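Survey of secondary and tertiary structure
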Amino acid sequence: MPQKEEPEYDKLYKIRPLITSMNTAFQKGARNSSSQSIDECMVKFKGRSTLKQYLPNKPIKRGFKIWARCDSSTGYLFEFEVYTGKKDNDTEFGLGAAVVNSLCKVLIEEKIENAHVTFDNFFASTQIMQSLYENNIYSIATLRSNRTSPDTKKSDGQER
């Protein structure tokens, strides 16, 4: 068991081999389509766990948060990650960008031609969309008009 102080500590170390083998099987079971979607989903859980999240505005209010990359037309699950809490490396572009980068890593490595990834405003930022574009992945996202982020400010501090 890794110690909590170690940098490679993983809260899911006991089931990490299962998660990895499931993601590998999902990838082998289907061919990556050109249109995919990234979103969060909740697995209902009422017990005690440090991984349990509370989202009051969702239909499932308490449970495990899971990030998923799925086929946009069939809903086939290509890859998923269980949210284990805030990490230090999430701060460069934000948690949403870190999730998108992680889930799109396979698309970048396989160099899928004309891949399109869709996600909602939680994940959206100009930095992540530019990063995906530089790796030949097109992205579409919903935006909030009142969202403040470093890339939406003018040099004088005014909102664009």
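Details of the structure are given in the entry above.
What comes next concerns the included structure. Just so it is clear, the model here is predicted, and its values are computed rather than measured. Numbers given for residues are sequential positions, taken from 1 along each chain in its written order. Restriction of local features to residues with pLDDT of at least 70 applies here, the model being predicted, together with a cutoff of 80 or more for giving and counting side-chain atom pairs; totals for whole chains, interfaces and linings are based on all residues. Calculated side-chain values reflect all of the structure's heavy atoms, with hydrogen atoms and water omitted.

1. Topic: a nonpolar patch on the surface
Stated precisely, the cut-off is as follows: For patch building, the residue pool is restricted to those with more than 30% relative accessible area and no salt bridge; the joining distance is 9 Å between like charges and 5 Å between nonpolar side chains (Val, Leu, Ile, Met, Phe, Trp, Tyr). Residue burial considers only the protein chains on display, and all accessible areas are found by Shrake-Rupley using a 1.4 Å probe. The term salt bridge refers to a side-chain nitrogen of Lys or Arg lying within 4 Å of a carboxyl oxygen of Asp or Glu. A run of DSSP states H or I qualifies as a helix once it reaches four residues; a run of E qualifies as a strand once it reaches two. Both are numbered from the N-terminal end.
Nonpolar side chains collect at one region of the surface, where I15, L18 and M22 lie side by side and expose about 250 Å² of accessible area between them. Topologically, M22 is positioned in helix α1 (residues 16-29).

2. Remarks on the packing of aromatic side chains
Rules: The pairing test for Phe, Tyr and Trp rings, Trp by its six-membered ring, is centres within 6.5 Å, and the orientation test on the planes gives stacked under 30 degrees, edge-to-face over 60, and tilted for anything in between. Consider the ring centre and the ring normal. A charge sits over the ring if Lys NZ or Arg CZ is within 6 Å of that centre and within 35 degrees of that normal.
Inspection of the entire model under this criterion finds nine aromatic pairs. A centroid spacing of 5.4 Å and a plane angle of 70° characterise the contact between Y76 and F78, whose relative ring orientation is edge-to-face. Here the aromatic residues W67, Y83, F119, F122 and F123 are joined through ring pairs into a cluster of three or more. Lying over the aromatic face of Y83, K65 brings its terminal NZ or CZ to 5.4 Å of the ring centre. Positioned over the ring face of F122 is K65, at 6.0 Å from the centre of the ring.

3. Considering the environment of K46
Within the element layout of this structure, K46 appears in the loop between β1 (35-44) and β2 (52-54). Sequence separation of K46 and R62 is 16 residues, and the distance between their C-alpha atoms is 6.6 Å.

4. Structural notes on unusual backbone geometry
Our working rule: For every residue, the accessible area obtained with a 1.4 Å probe (protein chains only) is divided by the maximum for its type, and the residue is called buried under 20%, exposed over 50%, and partly exposed between those limits.
Its identity is not glycine, yet N136 carries a phi of approximately 60°, on the positive side. Structurally, N136 can be placed in the loop between α3 (126-134) and β6 (137-141). For N136, a relative accessible area of 55% puts it in the exposed group.

5. A short note on α1
The line we're drawing: Here a helix's expected span is defined as the number of its residues, less one, multiplied by 1.5 Å. This arc is built from the directions going out from the helix axis to the C-beta atoms.
Here α1 spans 20 Å end to end across 14 residues, near enough to the 20 Å set by a 1.5 Å rise per residue. Where α1 is concerned, the buried positions are I19, N23 and Q27. Along the axis of α1, the buried residues cluster in a sector spanning 70°; they form a single face. α1 presents P17, L18, K28 and G29 as exposed residues on the side facing more than 90 degrees away from its buried surface.

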